[in-house]
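Architecture at a glance
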Amino acid sequence: MSEKKIRVLVVDDSAVVRQVLTQLLNKSADIQVIGSVSDPIFAMARMNQDWPDVVVLDVEMPRMDGITFLKKIMSVRPTPVVICSTLTEKGAETTMQALAAGATGIVTKPKAGLKAFLEDDSGDIVHAVKAAAMTDMRRMKAMTMAAHARPARPFESAPAGVGTLHASAMAATTDRLVAIGTSTGGTQALEVVLTQLSRIAPGIVIVQHMPEKFTGAFAARLNSICEIEVKEAVSGDRVIPGRALIAPGGKHMTVKRSGAQYVVEVQDGPLVNRHRPSVDVLFRSVAKWAGKNALGIIMTGMGDDGARGLKEMYAAGARTAGQDEKTCVVYGMPKEAVKLGAVQQEVPLQAIAGLIEQYGK
């Protein structure tokens with residue numbers, strides 16, 4: 001990090017959350033909390049005087065909800081926003097709306113034991129703010145606008161014979177699979193990629209760094225706007241054409257061969273590269289069980305998770321690709337993979353879906 005500190009504004013209606021987050025963030029030598037306010041109305045007045053580098057924003061607040069405020073920020077002056085959300089189904093759904101509107105990350109908070117929870121997870125909070133500060137908001141806004149501009153798929157747009165396509169796909173052997181790893185900026189990037197895929201695209205397994213409770217809502221939202229099936233993975237799910245499986249937050253996901261089929265296993269385990277799920281864990285299993293029958297793609301994100309796993313895939317004969325620097329919100333994970341010599345080709349975000357479709361032919 002440079003000597004210049006990341007200037008943060010905390011917006012949360014809980015005085016305890018504001019106090020704890022301020023203390024935790026100020027402990028980092030790279031971060032300075034320039035203010036903490038109880039709702040977006042106060043936040044707007046404060047930001048007009050002193051604009052922060054990053055906003056940590058609650059979603060359920062009086063006077064104005066976090067989603068409305070987030071959209072205002074993005075329309076006036078796009079700024080990295082980390083959503084501070086509760087570990088509830090309602091909180092997860094709202095957070096998905098926030099990510100779709102341009103938020104860069106998620107910090108979770110429980111309903112009870114808040115102070116101890118936030119202190120225990122302080123590393124995650126600091127990491128989320130630092131990742132947010134590194135985001136290229138022009139690219140984030142461009143991706144968000146592209147997703148919103150994309151017309152919804154009408155039900156009648158399915159190709160003829162699609163009813164039998166799923167049945168045959170379920171019975172077919174999946175010879176090829178695609179493994180994708182991503183982090184900061186990945187929720188929007190994955191939407192761009194997955195909404196372009198047809199139902200005959202090869203089976204896909206995905207690790208997107210995201211807390212537990214949120215991946216289910218994320219997968220459900222993608223499933224509602226994609227032609228392919230998108231679901232949060234459970235152990236025993238088969239990797240088949242026209243399906244994308246997303247690793248659950250808080251669990252690792254691996255691929256293995258079961259007879260003529262590829263299936264996923266979801267399990268607990270220690271953090272790997274500070275993450276669970278970890279891209280490295282997924283990629284290493286793909287290298288072992290699929291080898292040359294796989295395509296590995298590493299996309300936007302902070303850190304180096306997935307770089308070594310992609311190198312193992314490449315060594316096992318898999319094809320590998322990385323999202324290029326121009327289209328990454330954070331060119332961290334792909335950059336580290338390129339440094340290791342794990343990336344055969346770098347491709348812009350809009351070309352990734354075509355790469356996947358071509359690979360499946």
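Scroll up to find the structure.
The sections below set out a description of the structure shown in this document. Quantities reported herein were computed from a predicted structural model and do not represent experimental measurements.

**As for the pairing of strand 6 (residues 177–182)**
Summarising burial for strand 6: six of the six residues are buried, a large majority. Residues Leu177, Ala179 and Gly181 of strand 6 are buried on one face, and the alternating residues Val178, Ile180 and Thr182, pointing to the opposite face, are buried as well. Direction of pairing for strand 6 relative to strand 7 (residues 203–208): parallel, over a ladder of six bridges. When the bridges of strand 7 are listed, Gly181 appears paired with Val207. In this region the chain leaves strand 6, passes through helix 9 (residues 186–194) and returns to the parallel neighbour strand 7; the handedness of that crossover is right-handed. Two strands pair when backbone bridges link them, and strand 6 and strand 12 (residues 294–298) are joined in this way by five bridges, in the parallel orientation.

**Section: the packing of aromatic side chains**
Tallying each qualifying case throughout the model produces zero aromatic pairs. In this structure, Arg176 is placed above the aromatic ring of Tyr359, and the distance from its NZ or CZ to the ring centre is 4.7 Å.

**Quick notes on the packing of helix 9 against helix 10 (residues 214–225)**
Across the interface, helix 9 lies against helix 10 with an axial gap of 10 Å and an inter-helix angle of 30°. When the axis of helix 9 is compared with that of helix 10, the two are roughly parallel. In this structure, helix 9 crosses over helix 10, and the sense of that crossing is right-handed. Contacts from Thr187, Leu190, Glu191 and Leu194 in helix 9 reach Phe218, Arg221, Leu222 and Ile225 in helix 10. For the contact of helix 9 with helix 10, the residue count by class is five nonpolar, one polar and two charged.

**Observations regarding the packing of helix 9 against helix 14 (residues 349–359)**
Working note: a packed helix pair is described by the angle between its axes plus the distance between those axes. Here helix 9 crosses helix 14 at 45°, and the two axes come no closer than 8 Å. In terms of their interaxial angle, helix 9 and helix 14 are classed as oblique. In terms of crossing hand, the pair formed by helix 9 and helix 14 is right-handed. Listed contacts from helix 14 to Ala189, Val192 and Val193 of helix 9 are Leu349, Gln350, Ile352, Ala353 and Ile356. For the contact of helix 9 with helix 14, a count of residues per class yields seven nonpolar, one polar and no charged.

Criteria and cut-off values
- Residues numbered from 1 in each chain as written.
- Predicted model: local features only at pLDDT ≥ 70, side-chain atom pairs only at ≥ 80, totals over all residues.
- Heavy atoms only, no water.
- Buried < 20%, exposed > 50% of the residue type's maximum accessible area, 1.4 Å probe, protein only.
- Helix = DSSP H or I, 4+ residues; strand = E, 2+ residues; numbered from the N terminus.
- Pairing = 2+ DSSP bridges.
- Right-handed = clockwise from strand over helix to strand, strands pointing away.
- Phe/Tyr/Trp six-rings, centres within 6.5 Å; stacked < 30°, edge-to-face > 60°.
- Lys NZ or Arg CZ within 6 Å of the ring centre and 35° of its normal.
- Axes fitted to C-alpha atoms, helices over the stretch in contact; angles between N-to-C directions.
- Parallel < 35°, antiparallel > 145°, perpendicular 65-115°, else oblique.
- Left-handed = near helix turned anticlockwise from the far one by under 90°.
- Contact = heavy atoms within 4.5 Å.
- Nonpolar A, V, L, I, M, F, W, Y, C, P; charged D, E, K, R; others polar.

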